[in-house]
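Below are the chains, spelled out letter by letter.
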Amino acid sequence: MNLVDRYIYQVGRRLPKGQRADVEAELSSVFQDTIDDRYQGDPSQDEIVALLKEFGSPEQVAASYRPSAQYLVGPQLYPTFKIVVGAVILALTIGLFVANVIGGLFGPAETNDILEQILKGVGGYFQAILSAFGSVVVVFAILQRFEVDFEDEETEWDPLDLPDVKDYDVVGRGETIAGIAFGVVFLILLNVFSDRIGLVFTFVQEPLLNEIVQDNLIWLNLAILLGIGLNVILLWQGRWHLVTRLAKVVIDLFWLFIIYQFALALADSKEILVEAGLVEPLPTMLSQIGYWILIIVAVAFVVNTIKWIYQALGNPTKTNKLGKA
Amino acid sequence: MIKDTPISPSHDKLMLELRRGILVLATLSQLHEAKYGYSLIQELDAQGLEIEQGTLYPLLRRLEEQGLLLSEWNVEGSRPRRYYRLSPAGAKVLQSLSAEWYGLVDIMNELLKPTAMEKQDESS
């Protein structure tokens with residue numbers, strides 16, 4: 001088989017069957033025309049090579065017969081694709097969380113180590129996200145193949161629907177004042193009733209697990225005080241600055257540390273509950289519920305902090321610069 | 001085709017994009033009568049517009065798929081050849097694209113005219 005035939009075959013096998021024979025026949029015909037015209041029908045091997053190079057690689061030529069087939073998910077499908085991926089990830093996150101909590105409550109605990117459990121959960125989560133993402137890509141790749149177009153040309157885009165630009169640098173006064181008020185109230189309650197906080201049962205005299213609160217009393221006080229202090233500064237300055245942003249992150253991390261201390265203590269609390277006279281499965285359930293609630297709180301906390309840092313670093317800075325200019 | 005040493009890394013790409021825009025118009029303009037691929041290439045080449053074969057043939061197919069060209073195999077010559085010519089819809093599109101082209105050329109000529117200041121720069 002000569003080079004030209006091999007070339008045409010390579011182009012053809014990359015085309016849809018319906019088109020293949022026709023394109024191959026045409027290519028064969030134009031190659032003959034070119035060879036007759038340039039080399040009087042008798043080209044050398046080098047001349048054929050040069051001619052084929054001029055045409056371009058078979059991949060390239062085949063691709064230009066079907067431009068839309070060059071996308072796995074093309075620009076027209078991409079906006080829809082993004083929305084679907086976002087929705088799937090959100091649904092999975094919520095679903096896995098609920099499943100893990102129920103599993104944690106009613107299934108046998110595989111390990112008491114919180115870190116190990118979290119790592120396992122996170123690992124499973126990423127695995128699920130990856131395979132879900134893969135499935136969505138496959139579905140869209142098929143849609144792309146059949147050139148489905150979701151674009152709704154009926155709905156016209158209206159500039160008046162554009163949302164306001166949110167200035168994340170401005171401190172919400174109401175929020176700040178409420179933060180201070182709640183902080184003070186909580187601080188007073190915490191210290192006045194520090195020996196009354198815990199699990200209360202009619203048949204037990206003392207509130208259970210109060211020692212967890214007692215052990216962490218100093219940290220709780222410190223975290224609340226720092227929060228109040230930050231809110232006062234914010235109220236005074238009116239805008240977020242680098243120092244206050246950093247302070248907020250530090251305080252958030254501090255809260256995370258306290259939550260971790262509580263979760264650790266709760267995970268170990270089963271025996272104390274049994275000793276206090278509670279009958280199984282109550283102790284297991286209570287310690288597990290407490291433990292998982294704290295984990296959810298911790299994750300929500302981390303997500304919130306990351307979101308907050310992202311907002312602080314993202315668009316608002318640009319808006320701010322523009323505003324100042 | 002004008003080939004210079006690249007002025008900037010994106011120069012070749014920009015040049016290609018600029019040329020790609022006119023290929024459809026150039027092709028349609030030559031197909032009032034039926035022509036086969038290679039003859040079209042030569043005709044355009046003779047007028048100074050070089051189109052690579054690997055670009056033109058797929059383009060002809062796509063224009064046919066869009067209903068702007070009609071094609072048929074002609075087996076009368078020394079070998080079978082596929083002939084393309086404008087469809088009625090293609091003729092209308094050609095007319096409208098040509099009008100647009102003339103308008104754009106006028107605008108571009110005006111835009112590219114050197115200003116008094118640039119002339120001064122060049123002479124100094």
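**Thoughts on the packing of helix α2 (residues 37-46) of chain B against helix α3 (residues 53-65) of chain B**
Residues and elements named next belong to chain B.
Right, so step 1: Direction vectors running N to C along α2 and α3 enclose 120°, while the axes themselves pass 10 Å from each other. When the axes of α2 and α3 are compared, the pair comes out oblique. Taken as a pair, α2 and α3 cross one another with a handedness that is right-handed. Contacts between α2 and α3 involve Gly37, Leu40 and Ile41 from the former and Gln53, Leu56, Tyr57 and Leu60 from the latter.
Right, so step 2: Split into classes, the residues belonging to the contact of α2 with α3 amount to 5 nonpolar, 2 polar and no charged.

**Some points on the pairing of strand β3 (residues 81-86) of chain B**
Both faces of the sheet carry side chains from a regular strand, because those side chains alternate between them.
Residues and elements named next belong to chain B.
Right, so step 1: Sheet analysis places strand β1 (residues 35-36) next to β3, joined by 2 bridges and oriented antiparallel. Within the sheet, the bridge partner assigned to tyrosine 36 lies in β3 and is tyrosine 83.
Right, so step 2: Where strand β2 (residues 69-74) lies against β3, 6 bridges are found, and the strand directions are antiparallel. Looking across to β3, one finds that glutamate 72 is bridged to tyrosine 83.
Right, so step 3: Where β2 folds back onto β3 in an antiparallel hairpin, the turn is made up of 6 residues.

**Let's talk about the nonpolar core**
Right, so step 1: Residues Val11(A), Leu27(A), Leu60(B) and Leu69(B) are the most contacted members of the largest nonpolar core, which totals 25 residues.
Right, so step 2: With 14 residues, the next largest nonpolar core counts Phe262(A), Ala265(A), Tyr291(A) and Ile295(A) among its residues.

**Considerations on the interface of chain B and chain A**
Right, so step 1: Taken together, the contact pairs 13 residues of chain B with 15 residues of chain A.
Right, so step 2: Elements represented by at least two residues in the side of chain B that touches chain A include exactly α2, α3 and β3 of chain B.
Right, so step 3: Here the element with the most residues in the side of chain B that touches chain A is α3(B); it accounts for 6 residues.
Right, so step 4: Looking at the side of chain B that touches chain A, its residues break down into 4 nonpolar, 4 polar and 5 charged.

**Focus on helix α7 (residues 173-192) of chain A**
Right, so step 1: In a regular helix each residue adds 1.5 Å, so 20 residues correspond to 28 Å; α7(A) covers 29 Å between its end C-alpha atoms and thus fits that length.
Right, so step 2: The element α7(A) is largely exposed, with a buried count of 1 among its 20 residues.

**With respect to the sheet that holds β2(B)**
Right, so step 1: One open sheet holds the 3 strands; their spatial order is β1-β3-β2 (chain B), and the pairing between them is antiparallel. Here the strands that pair on one side only, and so sit at the sheet edges, are β1 and β2 of chain B.

**Examining the environment of Val84(A)**
Residues and elements named next belong to chain A.
Right, so step 1: With respect to the helices, strands and loops of the structure, valine 84 is situated in helix α5 (residues 78-106).
Right, so step 2: Judged by C-beta crowding, with 14 C-beta atoms within 10 Å, valine 84 ranks as partly exposed.
Right, so step 3: For the pair formed by valine 84 and phenylalanine 133, sequence separation is 49 residues and the distance between their alpha carbons is 9.6 Å.

**Quick look at the confidence of the model for chain B**
Residue and element names in this part refer to chain B.
Right, so step 1: Looking at chain B, the pLDDT average stands at 88 and 92% of residues meet or exceed 70.
Right, so step 2: Ranking the helices and strands of chain B by mean pLDDT puts helix α4 (residues 88-112) first, with 95, and helix α5 (residues 116-123) last, with 70.
Right, so step 3: Our summary of model confidence lists the complex with pTM equal to 0.53 and ipTM equal to 0.76.

What counts and how
- Residues numbered from 1 in each chain as written.
- Chains lettered and ligands numbered in written order.
- Predicted model: local features only at pLDDT ≥ 70, side-chain atom pairs only at ≥ 80, totals over all residues.
- Axes fitted to C-alpha atoms, helices over the stretch in contact; angles between N-to-C directions.
- Helix = DSSP H or I, 4+ residues; strand = E, 2+ residues; numbered from the N terminus.
- Parallel < 35°, antiparallel > 145°, perpendicular 65-115°, else oblique.
- Left-handed = near helix turned anticlockwise from the far one by under 90°.
- Contact = placed C-beta atoms within 7 Å.
- Nonpolar A, V, L, I, M, F, W, Y, C, P; charged D, E, K, R; others polar.
- Pairing = 2+ DSSP bridges.
- Core = buried A, V, L, I, M, F, W, Y, C linked by C-beta atoms within 7 Å.
- Buried ≥ 20, exposed ≤ 12 C-beta atoms within 10 Å, placed from the backbone.
- Expected span 1.5 Å × (residues − 1).
- pLDDT = per-residue confidence, 0-100.

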